[in-house]
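As a plain string of letters, each chain reads:
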Amino acid sequence: MAEKFDVKSIGQESSYSPDPSYKQNAWVRDYNWTYREFLSNPDEFWGNVARELEWYKPWDKVRDWNYPYAKWFVNGKLNITYNCLDRHALGKNRNKIALIWRGEGEAGRFYTYNQLYKAVMRFANGLKKIGVKRGDCVCIYMPLVPEQIIAMLACARIGAIHNVVFAGFGAGALNFRMNDAEAKFVITADVGMRRGKALPLKIIVDEAITNAPSVERVIVLRRQEPPIELHQEIEVDFNEIMEGVEVDCKPEVMDAEDLLFYLYTSGSTGAPKGVVHTCGGYMVGVYHTMKCVFDLKEDDIYWCTADPGWITGHSYIVYGPLCAGATVFITERTPDFPDPGAWWRLIEEQCITIFYTAPTAIRMFMKLGEEWPNKYDLSSLRILGSVGEPLNPEAFEWHYQVIGKTRCPIVDTWWQTEAGMHMITTLVGEPMKPGFAGKAIPGVVADVVDKNGRPVQTGQGGFLVIKEPWPSMFRTVLKNDERYRKYWFTIPNTYTAGDLAVKDTDGYIMVLGRADDVIIVAGHNIGTAEVESALVSHRAVAEAAAIGKPDPLKGNILKAFVILRVGHTPSDKLRSELIHHVRMTLGPIAMPSEIEFVDSLPKTRSGKIMRRVLKAKELGIDPGDISTLED
Ligand code: WTA
C-alpha cells in the first residue's frame, strides 16, 4: 500500500462541531479522557461496564486472551433477556414502552416492557412445550413484526441458539443456513408485507426444508385470513403453542461463554460464514455502545431501519436497546411506499429522536429530492446514525443539512457482523468530519497498518485492523475455525477486518471500502470507494459503482456504473464531464476509462453494492454465489 491518498480531496473540506450542549450532556463527555482511562486498564474499564448489568454470578476474570481465542467475563453467569426484560419490567420502567411497531396502512402495535416480558416468557414456554431445549439451534425466518423479536428473545431465554435469516433470502440461501447450523426448529410466518403486497414466506420455507434433515418442527405465525392450513406432522401455529402455558418462565442460567446466536455473513468470496456469538461479552459490548454511541437518554424514541435479520438488527434493534431500556420503533414499511415521504412521516408521527440508517438509503433519498423530507416536521430528531458502508461526504452533508437541519450530530458507525458492536465512530459531541467514520470508541484499539502490521503514515492507505480483543468479538466461524484464524493470522496478533482505510492528522479514520475491492491500475492501488465517492460528489450523480477491467497495458482499467439524479439525462457530454470531474478530484490515475449509465446497481439485501456481479457481467464470466443479491 504505497499509494498516497489525498485525504483533503476525498472529503476533509469541512468539519462540524455540534452544539456544546451535546457534549455537556453526553455519557462520554470527553473522548480523550475516557479513551485514556480505558487504555490505562482495559479490564477495569470493561468490568465497570459489565457491573452496570445484572449477573447471577460475577466473573472470576474479565478477559482470558489465548491468541487468537478470547474468553470474556470468565465463569460469569447471566441471561441476556434478564437484562433486556426483567430488569425493566419488574422495576420503575414496567410501563415504559419497549417496542412500537407500525405495519402498512393502519396496522400498529406497541408493547410496554412488562407486556414484552410476558409475551417473551409465554412464547418461551410454548417453545419448551414443543420440545425446544437448551443448546438447540432455532432458525428464525420472519418479517419485521414484533413476533420476530419475541422469537429471538424467547430462544435466548431458554438457552436455545438462534440463527436468524433475513426474510428476503431465497430458499437456497435459507437451506444452506439451516443445514450448516443444523437447525432443529424453524420459526416463520405465512407472509411478509412489502409495498402493499403479501410476500409468501412459508412457501420458501417449505422448499428450503425439503433437504434439511435436522429440521423437526416448523412454527408458523399466521397473519392472513383465512389462516393457511398447517401440516400437522411438523407444523404448529405460533399462537397455539402458547395455549395453556404458564406466563412465568425463569431464564436459563447461562455461562458468559455459552452460545447466544449464529449469524451468517456474506463473505466476498466463498460460502457464507456462520459467525458465532456468545452471551456475556456480546451483552456487555452492545449495551455499552448503545448507551455511549447513540448517547441514549431516558425519553428517546429510537429507530434503527435495519432488519433483525442482520447484525445491525441483532445488536441495535434487539439486544443493545432493550438492555439499555430504550423505546424501540420498528416498521415493516419501506421508505418509498405509498410515497417517498413514508419514513419522514413516521419520524413526525412517532417523534423519533434517534434515527439510524444506511448510506444507500440516504443516497436514495437524495435522488428523490428535498421536497419529501421538507414536507414533514423532523424537529424531534436529536441524533442521526449511519452504518453499512462508507458515508460519502455528499451523503453526509445531505443527511446533516436536509434531515438534521445542521442540529443533529451524525454517528457514522464502522463495525461488522464479526465485531458484534460499534468499533469506530465519532462520539456525540466530538467534531465530525464528513467522509470519516472517526476514531476507535473507548474499549477498542484500532489502527491502519501496512501488510506487515506497521502503522501507515497519515494520509496513506492501509488495512484497517483491531489490535486487542473486545468483549463482543465473534468466537469462531461455525464448523470452520480455519476461517476464524485467518482473520487473526493474516497479520500476526492483529484482527484484520478486510477493509481499507486512511487516517488523517487528527487520527480520524476514513474507511475506503473492502480490501478485496481494490483495483490496481497501472501499478496504483485505487479503492473503488474513492472513485465512487468522487463520482457521487458530482451534482448529476446519485449512485456509482466502480470495477476493474483487465487491460493489457495497465493491468486494469476502471469502469464506473452511474445512476443519475432526477433531472439529468445520459449523454456523451455528461460522460466526459464526469471523467473530468474524477480527474480533478482524485487525479489522472483514478480516472474511469469507461462510464456506463444505468438505472440500478446489483446490491445485497443489506444494501451493499455487489461489484463482483457487475464485474462478472462485464467480463461475461460466472458471478459465483449470488444468494445475497437483492433481485
Ligand atoms: C462495511 C455491518 C464504512 C465494511 C455492521 C465492513 C462500513 C462491512 C461501515 C461489514 C461504515 C460497515 N463505514 N464501511 N460506517 N459499516 N461497513 O458484516 O466494509 O454486514 O467490513 O456489518 O461493512 O458488514 P456487515
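Residues numbered from 1 in each chain as written. Predicted model: local features only at pLDDT ≥ 70, side-chain atom pairs only at ≥ 80, totals over all residues. Heavy atoms only, no water.

(A) Main features of helix H17 (residues 572–586). Between the first and last C-alpha of H17 there are 21 Å, a value that for 15 residues agrees with the 21 Å anticipated at 1.5 Å per step. Buried within H17 we find Leu574, Leu578, Ile579, His581, Val582, Thr585 and Leu586. Down the axis of H17, the buried side of the element spans an arc of 155°, and every buried residue falls inside it. Exposed side chains of H17 directed beyond 90 degrees from the buried face belong to Asp572, Lys573 and Met584. (Helix = DSSP H or I, 4+ residues; strand = E, 2+ residues; numbered from the N terminus. Expected span 1.5 Å × (residues − 1). Buried < 20%, exposed > 50% of the residue type's maximum accessible area, 1.4 Å probe, protein only. Arc of directions from axis to C-beta.)

(B) Spotlight on the packing of helix H6 (residues 146–158) against helix H10 (residues 311–323). Where H6 contacts H10, the axes come no closer than 11 Å and their chain directions differ by 60°. Compared by their axis directions, H6 and H10 come out oblique. In this structure, the crossing between H6 and H10 has a hand that is right-handed. Residues Ile149, Met152, Leu153 and Ala156 of H6 pack against His314, Ile317, Val318, Tyr319 and Leu322 of H10. The residue makeup of the contact of H6 with H10, split by class, is eight nonpolar, one polar and no charged. (Axes fitted to C-alpha atoms, helices over the stretch in contact; angles between N-to-C directions. Parallel < 35°, antiparallel > 145°, perpendicular 65-115°, else oblique. Left-handed = near helix turned anticlockwise from the far one by under 90°. Contact = heavy atoms within 4.5 Å. Nonpolar A, V, L, I, M, F, W, Y, C, P; charged D, E, K, R; others polar.)

(C) Focus on the sheet that holds strand S24 (residues 461–466). Spatially, four strands are ordered S23-S24-S26-S27 in an open sheet, and the strand pairing comes out antiparallel. Looking at strand neighbours, the two that pair on one side only are strand S23 (446–449) and strand S27 (509–514), the edges of this open sheet. On average, each strand axis in the sheet is inclined to that of its neighbour by 45°, with strand direction left out of account. As defined by bridge partners, strand S26 (residues 495–503) adjoins S27 across five bridges and the pair is classed as antiparallel. Looking across to S27, one finds that Lys503 is bridged to Ile509. (Pairing = 2+ DSSP bridges.)

(D) Summary view of the environment of Ile491. In this fold, Ile491 is placed in the loop between helix H15 (481–489) and S26. Note: C-alpha distance between Ile491 and Phe463 (28 residues apart in sequence) is 9.8 Å. Among residues more than four places away in sequence, those in contact with Ile491 are Val449, Asp450, Lys451, Asn452, Gly453, Val465 and Thr496.

(E) Molecular detail of the site of the ligand. Not every one of the 17 residues close to the ligand is listed here, only the nearest: Asp412, Thr413, Gln416, Thr417 and Asp499. In the environment of the ligand, an oxygen atom lies 2.6 Å from a nitrogen or oxygen atom belonging to the side chain of Thr417. A distance of 3.1 Å is found between an oxygen atom of the ligand and a side-chain nitrogen or oxygen belonging to Lys608. Its free accessible area being 520 Å², the ligand has 91% of it covered by the protein chains. Broken down by secondary-structure element, the contributors of at least two residues to the shell around the ligand are H10, strand S20 (410–413) and S27. (Near = heavy atom within 4 Å. Polar contact = N/O pair within 3.5 Å; in protein donor to acceptor, adjacent residues only side chain to side chain. Areas by Shrake-Rupley, 256 points an atom, 1.4 Å probe, with all protein chains shown as cover.)

(F) Examining the packing of aromatic side chains more closely. Scanning the model with the defined rule gives 41 aromatic pairs in all. A centroid spacing of 6.1 Å and a plane angle of 80° characterise the contact between Phe176 and Tyr264, whose relative ring orientation is edge-to-face. Of this pair, Phe176 sits in helix H7 (residues 171–181) while Tyr264 sits in strand S14 (residues 259–265); the two residues are 88 residues apart in sequence, bridging distant segments of the chain. Judged by relative accessible area, Phe176 falls into the partly exposed class, the value being 30%. (Phe/Tyr/Trp six-rings, centres within 6.5 Å; stacked < 30°, edge-to-face > 60°.)

(G) Representation of the pattern of salt bridges within the structure. Summed over the entire model, instances satisfying the criterion amount to 43 salt bridges. The salt bridge partner of Lys250 is Asp248, with a shortest N-O separation of 3.0 Å. Its relative accessible area of 61% is what places Lys250 among the exposed residues. Ionic pairing is found between Arg539 and Glu577, a salt bridge with its closest N-O pair at 3.0 Å. You can see Arg539 sitting in the loop between helix H16 (528–536) and strand S30 (541–551) and its partner Glu577 sitting in helix H17, a full 38 residues away along the chain. Taken together, the shared-partner salt bridges in this structure form one network comprising Lys549, Lys559, Glu594, Glu596 and Glu618. (Salt bridge = Lys/Arg side-chain N within 4 Å of Asp/Glu carboxyl O.)

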